[in-house]
Amino acid sequence: MCLGTSFPAWQAEAIRELMRLPEVEIGLLILPDRADSPGGIRRLLAEPRHLLWNLYNKGYIQRRSVASRSVDMSDELRGVPDIICQTLPVGRFGEALSEEDLEVIRGHDLDVILRFAFGILKGDILETPRYGVWSFHHGDEREYRGQPPGFWEMMEGETTVGTILQRITERLDGGTVLERGRFKLTPHSYRRTRDEAFSGGAVFASIAVRRILSGDMSRVDAAPSTTEAPLRRSPGNMTMLRFLLRQVAAFLRSQWQGMALASKWSVGIADVPVASLLEGAVPEFSWAPEQGKSRYLADPFLDPTGATSTVLVEDYDHDSHRGVISALDLDGDRVARPVLDAGVHASYPYLLTRDGDVYCIPETYQAEEVRLYRSLSFPEKWELAGVLLGGGRFLDPTIVRHRDRWWLFCTYEGADSNTKLYAFHSIDLEGPWEQHVLNPIKCDVTSSRPGGTPFMVNGSLFRPAQDSSSSYGGAVAINRVDRLDPDGFEETIVTRIGPLQTGRYRAGIHTVSGHGERTVVDGRRDVFVFSAFRRELKGRLRRLLRRR
């Protein structure tokens, strides 16, 4: 259901994601017989209470939005039949299609109708396609219904904005939720927040179709949402003034923090089993000494054999803007010594064992591959044992053996690095590795990106993940994996760890690793580092000169 063959960029991406599936064919374009609602100065003056919002939205947001940029898909949709439908009013706001138009649509034997046009649909059209009419809603319908998308979340101080794909029912915002995601809210930019929610969820229709193709009908047949959340409206002029002033203040704050502050991480140690974190109590951590003004230690992973008190860490230097993998003896002097230089920036030295050997899978996204290193003498000597994945900028690769195969979790460097989780599986550690059929298997900035070593408790697998909703590495969510197989994935957030409330490192935490009776984490504080400030200043000046 659309207005023609030109679409906002996020809608075009949703259609293209579907067209990439060999089993999918675009069978029909369903067009309304009415033109777009009138715009221009008459429309603005007709709503004086919302004048500032309309000027801001139409004059700035719609023009600058990446997600709303018009994309011509006439070549890609050439040959697809269309039908122009008349609508009949139903109640105060609803509309239905005529029986004549419904008969034509039924003749195309559609599995799904994806709604990008028309109003609040009622009647038989909702049951005409085999799996219903699907529509995007930008906002978590349990809390935010109505319009504008993402605006009221910003006004009320939320850190995320939701997006859902739902199978429409007769009840407004009471559809069956097929896919759900949470995306980062940018306090100083409504445009960026809106684009994140729109573009981030564009893949949902493809994921929902892939679920059906794999035989999973649980979401299509699930009970509809029973939300009773209030229906939001466009903001009035006074609300808009407060909103714009908040955005200015947030922008100035973000510029200062981005220029003047840099992250300083350290490693915290507690003599408790990692499973104790599931109870919600956070132990007191002792901290490794900081390694100088321009260096920090992050991403700690304990010796997986338990034979030593060694952790491997990312050893990052702000001066060189590069990390190496170092070892730290927790029961010794706790001074970091480099043990693995990958030739590119390296971090997140994930450790595992197989057949008595110790392996390290560091993040080496600049090399566009996931490397497997085998220990020759832990922790000082390593050899490259293979490349598990290539052709991508993989972040925080985390491998776990679960039931009959190995699983690799990661995100990709870029706009969705903290939001979209990908999974690969293999019978053998060395591969070949196969993509999960639902990739990305999760879209949630609060609990997607890997954040430490998965662990088992009472037969259940728990997966630490980063919560970057308030800031990068702000906290760690512990997820219970409820389903993990080649055709499906489900997990539930059980608890969140951090940011810590005591000590020096209260700005964030993004890695949790445990073995036996010991747990290690990393903690962040934000400080002024001259080399980081100088690099950031140079980068901003270069970008400014480029624009002139």
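My aim in this report is to walk through the structure given alongside it, one point at a time. (Residues numbered from 1 in each chain as written. Predicted model: local features only at pLDDT ≥ 70, side-chain atom pairs only at ≥ 80, totals over all residues. Heavy atoms only, no water.)

### Some thoughts on the pairing of strand β30 (residues 460-467)
- Burial within β30 is extensive, with 7 of its 8 residues counted as buried.
- Bridge analysis of strand β29 (residues 455-457) against β30 gives 3 bridges, and the strand direction is antiparallel. The residue bridging methionine 456 from the neighbouring strand is leucine 461, located in β30.
- Linking β29 back to β30 in an antiparallel pair, the connection comprises 2 residues, with asparagine 458 at a positive phi of about 50°.
- As defined by bridge partners, β30 adjoins strand β31 (residues 475-485) across 7 bridges and the pair is classed as antiparallel. Counterpart to proline 464 in the pairing with β31 is isoleucine 478. (Buried < 20%, exposed > 50% of the residue type's maximum accessible area, 1.4 Å probe, protein only. Helix = DSSP H or I, 4+ residues; strand = E, 2+ residues; numbered from the N terminus. Pairing = 2+ DSSP bridges.)

### Some words on the sheet that holds β29
- Taken in spatial order, the 4 strands line up as β29-β30-β31-β32 in an open sheet, and their pairing is antiparallel. At either margin of the open sheet sits one strand with a lone partner, and together these are β29 and β32 (488-497). On average, adjacent strands in this sheet sit at an angle of 40° to one another, irrespective of strand direction. (Axes fitted to C-alpha atoms, helices over the stretch in contact; angles between N-to-C directions.)

### Re the sheet that holds strand β7 (residues 113-115)
- Taken in spatial order, the 4 strands line up as β7-β9-β11-β12 in an open sheet, and their pairing is mixed. Two strands bound the open sheet, and with one partner strand each, they are β7 and β12 (176-184). Geometrically, the sheet is characterised by an average inter-axis angle of 20° between neighbouring strands, direction not taken into account.
- Examined bridge by bridge, strand β9 (residues 133-138) and strand β11 (residues 160-167) share 5 bridges and lie antiparallel to one another. From the neighbouring strand, histidine 138 faces β11, where its bridge partner is threonine 163.
- With respect to the sheet, helix α7 (residues 204-213) is in contact with β7, β9, β11 and β12, its orientation differing from that of β12 by roughly 140°. (Contact = heavy atoms within 4.5 Å.)

### Some remarks on the packing of aromatic side chains
- Counted under the stated rule, the structure contains 29 aromatic pairs.
- Arranged with centres 5.5 Å apart and planes meeting at 45°, the rings of phenylalanine 528 and phenylalanine 533 form a pair that is tilted.
- Chaining the aromatic ring pairs together yields one cluster made of Trp53, Tyr56, Tyr60, Phe151, Trp152, Tyr190 and Phe243.
- Positioned above the aromatic ring of phenylalanine 198 is the side chain of arginine 194, whose terminal nitrogen or guanidinium carbon lies 4.5 Å from the ring centre.
- The side chain of arginine 463 reaches across the aromatic face of phenylalanine 409, ending 5.7 Å from its centre. (Phe/Tyr/Trp six-rings, centres within 6.5 Å; stacked < 30°, edge-to-face > 60°. Lys NZ or Arg CZ within 6 Å of the ring centre and 35° of its normal.)

### A short note on a positive patch on the surface
- On the surface, a cluster of positive charge is made up of Arg534, Lys538, Arg542, Arg543 and Arg546.
- If you trace the backbone, arginine 542 turns up in helix α9 (residues 530-547). (Patch = residues over 30% accessible without salt bridge, like charges linked within 9 Å, V, L, I, M, F, W, Y side chains within 5 Å. Areas by Shrake-Rupley, 256 points an atom, 1.4 Å probe, with all protein chains shown as cover. Salt bridge = Lys/Arg side-chain N within 4 Å of Asp/Glu carboxyl O. Lys, Arg positive; Asp, Glu negative; His and termini not counted. Charge placed at Lys NZ, Arg CZ, Asp CG, Glu CD.)

### Considering the pairing of strand β14 (residues 262-270)
- Within β14, 8 of the 9 residues are buried, leaving the element largely enclosed by the surrounding structure.
- Note that β14 and strand β34 (residues 518-527) share 9 bridges and pair antiparallel. For alanine 270, the partnering residue across the bridge sits in β34 and is threonine 519.
- In this structure, β14 lies alongside strand β15 (residues 286-287), joined through 2 bridges in antiparallel fashion. Note on β15: the bridge partner recorded for glycine 268 is tryptophan 287.

### Quick look at the nonpolar core
- Formed by 47 residues in total, the largest nonpolar core has its most connected members in Phe136, Leu165 and Phe409.
- Excluding residues that lie within four positions of it along the chain, phenylalanine 409 makes contacts with Asp396, Pro397, Thr398, Val400, Leu421, Tyr422, Ala423, Ile441, Pro450, Arg463, Leu484 and Phe489.
- The next biggest cluster of nonpolar side chains, apart from the first, holds 33 residues, and it includes Cys360, Ile361, Phe424 and Trp433. (Core = buried A, V, L, I, M, F, W, Y, C linked by side-chain atoms within 4.5 Å.)

Just geometry here; none of it tells us what the structure is for.
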